[in-house]
Amino acid sequence: MIRHDWTLDEIKEIYNTPLMELVYRAASIHRQYQDTAEVQVCTLLSIKTGGCPEDCAYCPQAARYNTDINVHGLLKKDEVLEYAQKAKEAGSTRFCMGAAWREVRDNRDFDRVLDMVKGVNELGMEVCCTLGMLNEEQAQKLADAGLFAYNHNLDTSREHYGEIITTRTYDDRLQTLDNVRKAGVSVCCGGIIGLGESHADRIAMLYTLSNLPQHPDSVPINALTRVKGTPLEHLPKVEFWDMVKMIATTRIIMPKAMVRLSAGRAEMSMSDQALCFMAGANSIFTGEKLLTTGNPSFEEDHMMFEILGLKAREAFKEAVC
Ligand code: SAM
Ligand code: DTB
Ligand code: SF4
């Protein structure tokens, strides 16, 4: 039932289904493959912020753009573990550490990250990292330290990619994903909408994701957070309905994946988010901050879960089917 041979035309047809019908179809598939009462709760921490040599046009952490962020070097292990413990106490089961690096280098900073991975794993949380490009050996070192998942997004379609990033290629990204998979680490890979792409680009990105030899275990769908000082700061705000369309299409073509309603929640009402959960989203980031930008508070999210009757998915749980 899990297909890796979706065609562009099939995905386009799904994406263009009238919205209410699309949500109904996605919700039906969601019920078949997932426990719809559960939402995975993940927390992000930027362990190294800003000063990144890359030119990702959306990103406030690229050194070349003049943005107002709190630049800092790699945090100490203890600070990170303290934050992870707080996130755990607030109900989070996955802890994701992000670094503004182009790639991992084999140096003392990487050794410190490996130590952080061990520490978070010992807290009983699923540990995730997003550190840029990785080779096979580095992926294996992370796996040996207890890494559960690695996030590395395609961001957009191959065709639109060159408008957004010129300092590394689409194939570099696919190679990193392959290295992560080979090390037996869970793959987290999705993208961003609102980068000035066309509907065809969104469909093409979903085509690439759903035609990977194995679907990503989780697929974050981000709405561009427009940050002052980045080249994309003046793009129009993503239409909420487009997030619903993306989430529903992702759920239909990759039914077993966790679909994460990622950047963009700070600008959504509770009813907007409820429709995203109905359309198949079953994962969120909680905590006041994503990496550098705002997110709803733990308290607001707790209240939302109460009202919508949702509960946090436990850590290390296998997929239902
Ligand atoms: N430097 C590493 C890398 O690029 O792989 C890891 C951190 S990077 C900030 C992780 C992801 O965050 C990016 O691939 C992108 O999808 C997302 N992201 C960054 N800035 C964003 C923004 N302003 N709005 C939405 N998503 C964003
Ligand atoms: C993902 O897809 N979204 C997260 C996580 N993976 C690393 C990052 C969103 C970043 C939003 C902008 C910021 O806070 O700096
Ligand atoms: Fe650097 Fe990652 Fe931001 Fe690109 S997305 S500028 S690689 S931190």
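Residues numbered from 1 in each chain as written. Chains lettered and ligands numbered in written order. Predicted model: local features only at pLDDT ≥ 70, side-chain atom pairs only at ≥ 80, totals over all residues. Heavy atoms only, no water.

As named in an unreviewed UniProt entry, the chain is Biotin synthase, taken from Chitinophaga silvatica. What UniProt states about the chain under its Function (unreviewed entry) heading is, verbatim, "Catalyzes the conversion of dethiobiotin (DTB) to biotin by the insertion of a sulfur atom into dethiobiotin via a radical-based mechanism." Under the UniProt heading Pathway (unreviewed entry), the entry covering the chain gives this text: "Cofactor biosynthesis; biotin biosynthesis; biotin from 7,8-diaminononanoate: step 2/2." (UniProt positions renumbered as here; feature names shortened; annotations may be inferred.)

## Digging into the pattern of salt bridges
A complete count under the given rule lists 16 salt bridges for this structure. In this structure, Arg102 and Glu103 form a salt bridge, with 3.7 Å as the shortest nitrogen-oxygen distance. A relative accessible area of 25% places Arg102 in the partly exposed class. Residue Glu103 is classed as partly exposed on the basis of its relative accessible area, which comes to 23%. Residue Asp178 pairs with Lys182 through a salt bridge whose shortest N-O separation is 3.2 Å. Of this pair, Asp178 and Lys182 both sit in helix α7 (residues 170-182), four residues apart, which is roughly one turn of the helix. Overall, the relative accessible area of 34% leaves Asp178 in the partly exposed class. The structure contains a network of salt bridges with shared partners spanning Glu54, Arg102, Glu103, Arg105 and Arg168. (Salt bridge = Lys/Arg side-chain N within 4 Å of Asp/Glu carboxyl O. Buried < 20%, exposed > 50% of the residue type's maximum accessible area, 1.4 Å probe, protein only. Helix = DSSP H or I, 4+ residues; strand = E, 2+ residues; numbered from the N terminus.)

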